[in-house]
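# Descriptive analysis of the structure
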Amino acid sequence: MSKWVKGLLYLVIFGSSLQACSPKFKDQPDCGFQKNVYGERVSWKDRIPIQLQVHSSFPAEYLPALESAIKTWEDSVGKKMFRITATNVGGAAEPRQDGTNLVYWLGTWENEKATEQARTTVYYVGNEIREADIRVNAKNHKYYLYDPPTDTHLHLESLLLHELGHMLGLAHRADAGTVMATTLGGRTVRNKVSAKDQESLICEY
Ligand SMILES: [Zn+2]
């Protein structure tokens, strides 16, 4: 158990169908970011690039989608934001607060949340993110890299781009064209960062 666990604030950002709570204070412009109760943007501050590991549950053939989504965010801000330090990481496929930022591919999911496509959990203290985990719902949804086999298959790179946005600290937004829109439709390719998404990152990082 890492030393910052005590007194940790806990925030779950839902991947698709559910909205996070609205911030109560506006002390700092949100720039598209989640804010804490004091109205401060919650982010990694200068602790980038984020050290990211990929769990063994994540199919190796889908790694290019993750790498491409990472590159898209990095190109938009002009900085190295993520570093994949390990892939095929063992251990139970049970996301938890363990001091490691992990991407999981889960074959089990809460029945009442079946519509959720993915979920990024962000752990933060004050206004600093200390850990974030991404879980992809592989129980209730199917994904593709290039050509959708059916109308309901989801473009994995687009989904991961959105979840990496949450990992960076971004909240959902309603503007047309943003990759942080709440839900990704079947066959929809949303793998380009909009000007608004880019402004968000540059504002904070
Ligand atoms: Zn989301």
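Read on for an overview of the structure. (Residues numbered from 1 in each chain as written. Predicted model: local features only at pLDDT ≥ 70, side-chain atom pairs only at ≥ 80, totals over all residues. Heavy atoms only, no water.)

Around the zinc ion, the protein contributes the donor atoms His 162 (NE2), His 166 (NE2) and His 172 (NE2), which lie 2.0 to 2.1 Å from the metal centre. Read from N- to C-terminus, the donor residues coordinating the zinc ion fall into the pattern H-x3-H-x5-H. You can see His 162 sitting in helix 2 (residues 156–168) and its partner His 172 sitting in the loop between helix 2 and helix 3 (195–204), a full 10 residues away along the chain. According to the relative accessible area criterion, His 162 is buried, its value standing at 2%. (Donors = N, O, S within 2.8 Å, 3.2 Å for Na, K, Ca; no water. Helix = DSSP H or I, 4+ residues; strand = E, 2+ residues; numbered from the N terminus. Buried < 20%, exposed > 50% of the residue type's maximum accessible area, 1.4 Å probe, protein only.)

In this section: the packing of aromatic side chains. If you walk through the whole model with that rule in mind, you get four aromatic pairs. Members of the aromatic cluster, each reached through a chain of ring pairs, are Phe 58, Tyr 62, Trp 105 and Tyr 143. (Phe/Tyr/Trp six-rings, centres within 6.5 Å; stacked < 30°, edge-to-face > 60°.)

Tracing the chain through its elements places Asn 36 in the loop between strand 1 (9–14) and strand 2 (50–55). Judged by relative accessible area, Asn 36 falls into the buried class, the value being 3%. Here the side chain of Asn 36 touches Glu 40 through a polar contact of 2.8 Å, side chain to side chain. In this structure Asn 36 touches Val 42, Tyr 124, Gly 126 and Asn 127, once residues within four positions along its chain are discounted. (Polar contact = N/O pair within 3.5 Å; in protein donor to acceptor, adjacent residues only side chain to side chain. Contact = heavy atoms within 4.5 Å.)

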